Amino acid sequence: MDSYQLQELKTALLEEIQSAFSNKKNPLLKEYEEQTENLIALLELMTKEKESMPQENIDLIMGQDYVILQLERWVDENKKIISHWNTDEESLKKH
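Residues numbered from 1 in each chain as written. Predicted model: local features only at pLDDT ≥ 70, side-chain atom pairs only at ≥ 80, totals over all residues. Heavy atoms only, no water.

## A word on the nonpolar core
- Grouped together as the largest cluster of nonpolar side chains are 11 residues: Leu-6, Leu-13, Ile-17, Leu-39, Leu-42, Leu-43, Leu-45, Met-46, Ile-68, Leu-71 and Val-75.
- Secondary structure elements with two or more residues in this core: α1 (3-18), α2 (29-51) and α3 (58-83).
- Looking at this core element by element, the count peaks at five residues for α2.
- What Leu-39 contacts, discounting residues up to four positions off in sequence, is Ile-17, Leu-71, Trp-74, Val-75 and Asn-78.
- Of all hydrophobic cores here, the second largest spans five residues; its members include Ala-20, Phe-21, Tyr-32 and Ile-81. (Core = buried A, V, L, I, M, F, W, Y, C linked by side-chain atoms within 4.5 Å. Buried < 20%, exposed > 50% of the residue type's maximum accessible area, 1.4 Å probe, protein only. Helix = DSSP H or I, 4+ residues; strand = E, 2+ residues; numbered from the N terminus. Contact = heavy atoms within 4.5 Å.)

## Some remarks on the side chain of Lys-10
- The topology assignment puts Lys-10 in helix α1.
- Residue Lys-10 is classed as buried on the basis of its relative accessible area of 10%.
- If we ignore the near neighbours within four places in the chain, the residues touching Lys-10 are Leu-42, Leu-45, Met-46 and Glu-49.

## So, the confidence of the model for the chain
- The share of residues in the chain with pLDDT of 70 or more is 92%, and the mean pLDDT across the chain is 88.
- When mean pLDDT is taken per element in the chain, α2 scores highest with 94 and α1 scores lowest with 90. (pLDDT = per-residue confidence, 0-100.)

## Examining α1
- Relative to the 22 Å expected for 16 residues at 1.5 Å per residue, α1 spans 22 Å between its end C-alpha atoms, a close match to the ideal helical length.
- For α1, the set of buried residues is Leu-6, Lys-10, Leu-13 and Ile-17. All buried residues of α1 fall inside an arc of 65° around its axis, so they share one side. Facing away from the buried side of α1 by more than 90 degrees, the exposed set consists of Tyr-4, Glu-15 and Gln-18.
- Buried-residue contacts for α1 involve α2 and α3. (Expected span 1.5 Å × (residues − 1). Arc of directions from axis to C-beta.)

## So, α2
- Relative to the 33 Å expected for 23 residues at 1.5 Å per residue, α2 spans 33 Å between its end C-alpha atoms, a close match to the ideal helical length.
- Those residues of α2 that are buried lie in contact with α1 and α3.

## Quick word on a negative patch on the surface
- Residues Glu-15, Glu-16, Glu-33, Glu-34 and Glu-37 make up a contiguous surface patch of negative charge.
- Going through the elements one at a time, α1 and α2 are the ones with two or more residues in the negative patch.
- Here the negative patch gets three residues from one element, more than from any other, and that element is α2.
- With respect to the helices, strands and loops of the structure, Glu-37 is situated in helix α2.
- By relative accessible area, which is 56% here, Glu-37 ends up exposed. (Patch = residues over 30% accessible without salt bridge, like charges linked within 9 Å, V, L, I, M, F, W, Y side chains within 5 Å. Areas by Shrake-Rupley, 256 points an atom, 1.4 Å probe, with all protein chains shown as cover. Salt bridge = Lys/Arg side-chain N within 4 Å of Asp/Glu carboxyl O. Lys, Arg positive; Asp, Glu negative; His and termini not counted. Charge placed at Lys NZ, Arg CZ, Asp CG, Glu CD.)

This is the structure:
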């Protein structure tokens, strides 16, 4: 996959992630699950992209590391929300 295709795929995933919830005040479990799948796919793409970067470009690699860390946190938060979905822990829902 060339860099243009990779960027298009990342952009499409980001759009899907941002529009995951039809009603942000009352999100559905299915929407959290779909968003989490998209986040994981984006995380994998960004990790592969980072691995292909020249090691001399420290700033770019560090920026990529930061984004990857944030995506991992987001995935963890979503997984926590999903795992507590049926326990009526409304305080976990962030949307």
